Amino acid sequence: MEAREMNAWAQARAWVGALCEGAPDLVARLAYMDVELDVDALLDPMDLPPAADIQDTDRRATYRCAYDALTTLAAHGVDQMTIGLVVDSLERAWETEQASQGGAG
Amino acid sequence: MTYGSVTHELRERLGRLLYYRSARSWFGAAHPTRNDQTPAKTPEQQAELSHLVQKYRYEVLAHLEHTARLLVDPTGDGRSRMPSELRQLSARLTRTVETTPGERPTAEELGTASDLPLVEAWRGAAVAVVVEREFVDPAATFEDLSQSERVTAFKDTADLTRALVILDDRYDLVPEWRHLGDYHQRRANPPERSTYNTGLNNAAGRASRFLASQWQSFAVDNRGHSTRRYHGPATYTPTVAGALRALHDSLLKLDKFPHAQALRTLLRVQYEISAHGAALRATLTRRRGAPDYFTERAAVYWRLTRATKNISGKLGRSAGEALQTSRKAAEILKDVDDVSRDELREIQRVLTGIDRQIARIIHTGAHTAAYVACQRKVIDATARAGVRKARPVWERIDVTTPPGLLDATAVLDDLAQRSTPRPTPPRMGNRPAFTALVQEESLPRLKRVHTTSRENPGIPPAPRLQSSPGHQPLIDGP
């Protein structure tokens, strides 16, 4: 795996992980955890780039970064449809979080 | 045209379609957020395009259904031995094709290019499918496939089906759009975004996850046998039935974990079960927020899922004895109809067994250095072909380097040991009245104080009926 490609995967894993860790409730956490597992399933487990811990300060900015990090993978030879499916899972998780926050409020 | 080239074409076209947001504007309507934009097509023209795209979609859907049916049951005798996840996807696709109103596009429609990129992408997908149908015999193609080729073909089918469902949901506001399976309203799937054809969506998701696990060629257990990686359903309903279903699934698959990444899925399911258990207990006891077994367990598993984010390696030891536990769980599941404190106690009892097994698996993996953690990466000192590559640094996990992992398992172990409830009889264990009776029987009895002499026993005292909650004494007659 090239350095840039590994960096792109690491970024994607890190931002999705940050979303998961900062999720407000159980349903959102589980949804983000599923996205994490989906992303990891695209990689060889012995070739897993390390994901750094990111402090989640602004949820919307974190979501935007995760979204961009996933779509950036298209530049590294990842199938466009595969990315589209993972991004859709991320969008679903985000909508779940928004819905639960709206319900709570 | 080969199978690979058709699938590549389909993946590319549908991948492009997934990038077209705000579907209605791609059909020629005005963009919802740009006020200055005028619509490129009239509503009537949009409806015509909608009909055309539905024809293209039907062609792709029929192709996916045909492929799945041939892969699951090549002989057509209905005696397929494929895993249930794949059979379910095939059945859902067949049902969807049967209920979706549609017709195939004509040769003219297939040959006429459109000025709208969305319609053009759909046309390209339909053309690829038709070319394959006309020039490749699918039965001949799938007959001599190896197992890995079959898995690849099925994975493609599952992914393409997911893409079709996603696009179908996005075209909600397109004029005269009829959804897959002819659903008229979105079905609520509580933990997730609602979708029209939830059944097809879930079946495709499950099959896709299952097949992704099949790709792992290193997925062997410590005896060298290839095993299935664990994959539960994406989510369980937040009810007693959902929690029990998750418990049952995780138990049945507990001995089939080849590597540490698969372990994360198990930890995720355990977290989900514990969180649901905490919510149930809070409902039952009306003590919301009070720390209890389930809340504590959920916290531990949450820490474990985060601590295992970067670990890899082979699994320490397969949990063979988990099969026995799973049989016990299955027995409990037979009798549970409605939730009560006793059922929660039973669930708790089984969960402690799982806790012990998971703690043992993680500890064994760490002590034998079967797990490695990847925390950072370094740049190679020597450049290869002019490129200096970054590579992950794998550090073996042992007792001296806990990334929060061994710490959490120690808590888990402790939790399992000290919170085991008293065992109840296996047959009658989860019947509330019987359990209450057993508890009364096991209480220390008061010593009888003799107030009369042995020679003159006097009038014997009347037997007292002990009232117990939920247990009414039988009365014969008035």
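Residues numbered from 1 in each chain as written. Chains lettered and ligands numbered in written order. Predicted model: local features only at pLDDT ≥ 70, side-chain atom pairs only at ≥ 80, totals over all residues. Heavy atoms only, no water.

## Thoughts on the overall build of chain A
Thought 1: Assigned secondary structure in chain A consists of 4 helices and 0 strands.
Thought 2: For chain A, the succession of helices and strands along the chain, N to C, is α-α-α-α.
Thought 3: Computed over its C-alpha atoms, the radius of gyration of chain A comes to 13 Å, within 12% of the 13 Å expected for a compact globule of 105 residues.
Thought 4: By principal-axis analysis of the C-alpha atoms, chain A measures approximately 45 × 25 × 20 Å.
Thought 5: Looking at the 105 residues of chain A, the share that counts as buried comes to 55%.
Thought 6: In chain A, 76% of the contacts between residues at least 6 apart in sequence involve partners at least 24 apart.
Thought 7: For chain A, the exposed area adds up to about 4,100 Å²; of that, 50% sits on carbon and sulfur atoms.
Thought 8: Positive and negative side-chain charges in chain A, numbering 7 and 19 respectively, have mean positions lying 5 Å apart. (Helix = DSSP H or I, 4+ residues; strand = E, 2+ residues; numbered from the N terminus. Rg over C-alpha atoms; globule rule 2.2 N^0.38 Å. Buried < 20%, exposed > 50% of the residue type's maximum accessible area, 1.4 Å probe, protein only. Contact = heavy atoms within 4.5 Å. Areas by Shrake-Rupley, 256 points an atom, 1.4 Å probe, with all protein chains shown as cover. Lys, Arg positive; Asp, Glu negative; His and termini not counted. Charge placed at Lys NZ, Arg CZ, Asp CG, Glu CD.)

## A look at the overall build of chain B
Thought 1: Along its length, chain B carries 16 helices and 3 strands.
Thought 2: For chain B, the residues scored as buried account for 48% of the 478 residues in total.
Thought 3: The long-range fraction of contacts in chain B, counting pairs at least 24 apart against all pairs at least 6 apart in sequence, stands at 74%.
Thought 4: Within the structure as shown, chain B displays about 25,200 Å² of accessible surface, and the carbon and sulfur contribution to it stands at 52%.

## Points about the pattern of salt bridges
All names here are of chain A.
Thought 1: Summed over the entire model, instances satisfying the criterion amount to 23 salt bridges over all chains.
Thought 2: When the shortest N-O distance is used, the salt bridge between arginine 64 and aspartate 68 registers 3.8 Å. Taken together, the residues arginine 64 and aspartate 68, both in helix H3 (residues 59–72) and 4 residues apart, mark about one turn of the helix.
Thought 3: Under the relative-accessibility criterion, aspartate 68 is labelled partly exposed at 36%. (Salt bridge = Lys/Arg side-chain N within 4 Å of Asp/Glu carboxyl O.)

## A short note on the packing of helix H2 (residues 26–41) of chain A against helix H12 (residues 293–307) of chain B
Thought 1: It is at 13 Å that the axes of H2 of chain A and H12 of chain B come closest, and there the two elements cross at 25°. Considered as vectors, H2 of chain A and H12 of chain B are oriented roughly parallel to each other. Seen along the crossing, H2 of chain A lies across H12 of chain B with a hand that is left-handed. Contact residues: H2 of chain A offers Arg29, Met33 and Glu36 of chain A, while H12 of chain B offers Trp302, Thr305 and Arg306 of chain B.
Thought 2: When the residues that make up the contact of H2 of chain A with H12 of chain B are grouped by side-chain class, the tally is 2 nonpolar, 1 polar and 3 charged. (Axes fitted to C-alpha atoms, helices over the stretch in contact; angles between N-to-C directions. Parallel < 35°, antiparallel > 145°, perpendicular 65-115°, else oblique. Left-handed = near helix turned anticlockwise from the far one by under 90°. Nonpolar A, V, L, I, M, F, W, Y, C, P; charged D, E, K, R; others polar.)

## Thoughts on the environment of glutamate 21 of chain A
Thought 1: Note on placement: glutamate 21 of chain A falls in helix H1 (residues 3–21).
Thought 2: For the pair glutamate 21 of chain A and glutamine 80 of chain A, spaced 59 residues apart in sequence, the C-alpha separation works out to 27 Å.
Thought 3: Not counting the four nearest positions on each side in its chain, glutamate 21 of chain A is found in contact with Trp302, Arg306 and Lys309 of chain B.
Thought 4: Separated by 3.0 Å, the side chains of glutamate 21 of chain A and arginine 306 of chain B make a polar contact. (Polar contact = N/O pair within 3.5 Å; in protein donor to acceptor, adjacent residues only side chain to side chain.)

## Some details on helix H8 (residues 147–170) of chain B
Owing to its 3.6 residues per turn, the α-helix aligns residues three or four sequence positions apart on the same side.
Thought 1: The terminal C-alpha atoms of H8 of chain B lie 35 Å apart, and with 24 residues this matches the ideal 34 Å at 1.5 Å per residue to within 8%.
Thought 2: Taking burial as the measure, the 24 residues of H8 of chain B include 19 buried ones, the bulk of the element. (Expected span 1.5 Å × (residues − 1).)

## Concerning the packing of helix H3 (residues 43–72) of chain B against helix H4 (residues 84–99) of chain B
When two helices pack together, their arrangement is captured by the angle between the axes and the distance separating the axes.
Residue and element names in this part refer to chain B.
Thought 1: Where H3 contacts H4, the two axes come as close as 9 Å, and the packing angle between them is 145°. In this structure, H3 crosses over H4, and the sense of that crossing is left-handed. Counting all contacts with H3, which are made through Tyr58, Leu61, Ala62, Leu64, Glu65, Ala68, Arg69 and Val72, the residues of H4 involved are Leu86, Arg87, Ser90, Leu93, Thr94, Thr96 and Val97.
Thought 2: Split into classes, the residues belonging to the contact of H3 with H4 amount to 9 nonpolar, 3 polar and 3 charged.

## Brief notes about the confidence of the model for chain A
Thought 1: Averaged over chain A, the pLDDT score is 87; the fraction of residues at 70 or greater is 94%.
Thought 2: Mean pLDDT values for the elements of chain A range from 86 in helix H4 (residues 80–104) of chain A up to 94 in H3 of chain A. (pLDDT = per-residue confidence, 0-100.)

## Examining the environment of glutamine 45 of chain B
Residues and elements named next belong to chain B.
Thought 1: Take glutamine 45: it is sitting in helix H3.
Thought 2: Take glutamine 45: its relative accessible area is 37%, and that puts it in the partly exposed class.
Thought 3: Sequence separation between glutamine 45 and leucine 14 is 31 residues, and the spatial gap between their C-alpha atoms is 23 Å.

## Some points on the nonpolar core
Thought 1: Of all hydrophobic cores here, the largest spans 59 residues; its most connected members are Leu17, Leu89, Leu118, Trp122, Phe154 and Tyr171 of chain B.
Thought 2: Looking at which element gives the most residues to this core, the answer is H3 of chain B, with 12 residues.
Thought 3: Leave out the neighbours within four places in its chain, and leucine 17 of chain B touches Leu118, Ala121, Trp122, Leu167, Arg170 and Tyr171 of chain B.
Thought 4: Tyr63, Val87 and Ala93 of chain A together with Leu263 of chain B belong to the second largest nonpolar core, which has 58 residues in total. (Core = buried A, V, L, I, M, F, W, Y, C linked by side-chain atoms within 4.5 Å.)

## Some words on the side chain of aspartate 38 of chain A
Thought 1: By the secondary structure assignment, aspartate 38 of chain A is in helix H2.
Thought 2: Residues contacting aspartate 38 of chain A, with those up to four places away along its chain left out, are Ser89 of chain A together with Arg209 of chain B.

## Some details on unusual backbone geometry
Among all residues save glycine, negative phi is the norm, and among peptide bonds the norm is trans.
All names here are of chain B.
Thought 1: A positive phi angle is found at glutamate 176, which is not glycine, with a value near 55°.
Thought 2: Summarising the element assignment, glutamate 176 is placed in the loop between H8 and helix H9 (198–214).
Thought 3: Judged by relative accessible area, glutamate 176 falls into the exposed class, the value being 52%.

## Section: the confidence of the model for chain B
Residue and element names in this part refer to chain B.
Thought 1: When pLDDT is averaged along chain B, the result is 71, and 57% of the positions lie at 70 or above.
Thought 2: The model gives residues 217–226 a pLDDT under 50, and that stretch makes 17 contacts with residues more than four places away or in other chains.
Thought 3: For the stretch residues 316–327, pLDDT sits under 50, and the model shows 27 contacts to residues farther than four places along the chain or on other chains.
Thought 4: Model confidence for the complex is summarised by a pTM of 0.77, with the ipTM given as 0.92.

## A closer look at the packing of aromatic side chains
Describing an aromatic ring pair means giving the distance of the ring centres and the angle of the ring planes.
Thought 1: Per the counting criterion, the structure on display carries 5 aromatic pairs over all chains.
Thought 2: Seen from their ring centres, tyrosine 171 of chain B and tryptophan 177 of chain B are 4.9 Å apart, and the 90° between their planes marks the pair as edge-to-face. In this structure, tyrosine 171 of chain B and tryptophan 177 of chain B share a single accessibility class: buried.
Thought 3: Aromatic pair tyrosine 271 of chain B and tryptophan 302 of chain B: ring centres 5.5 Å apart, planes at 40°, arrangement tilted. Note that tyrosine 271 of chain B is positioned in helix H11 (residues 260–285) and tryptophan 302 of chain B in helix H12, a separation of 31 residues in sequence. Comparing tyrosine 271 of chain B with tryptophan 302 of chain B, the two get one shared label, buried.
Thought 4: One aromatic cluster in this structure is built from Tyr63, Tyr67 and Trp94 of chain A.
Thought 5: Just above the ring of tyrosine 67 of chain A sits the side chain of arginine 64 of chain A; from NZ or CZ to the centre is 4.8 Å. (Phe/Tyr/Trp six-rings, centres within 6.5 Å; stacked < 30°, edge-to-face > 60°. Lys NZ or Arg CZ within 6 Å of the ring centre and 35° of its normal.)

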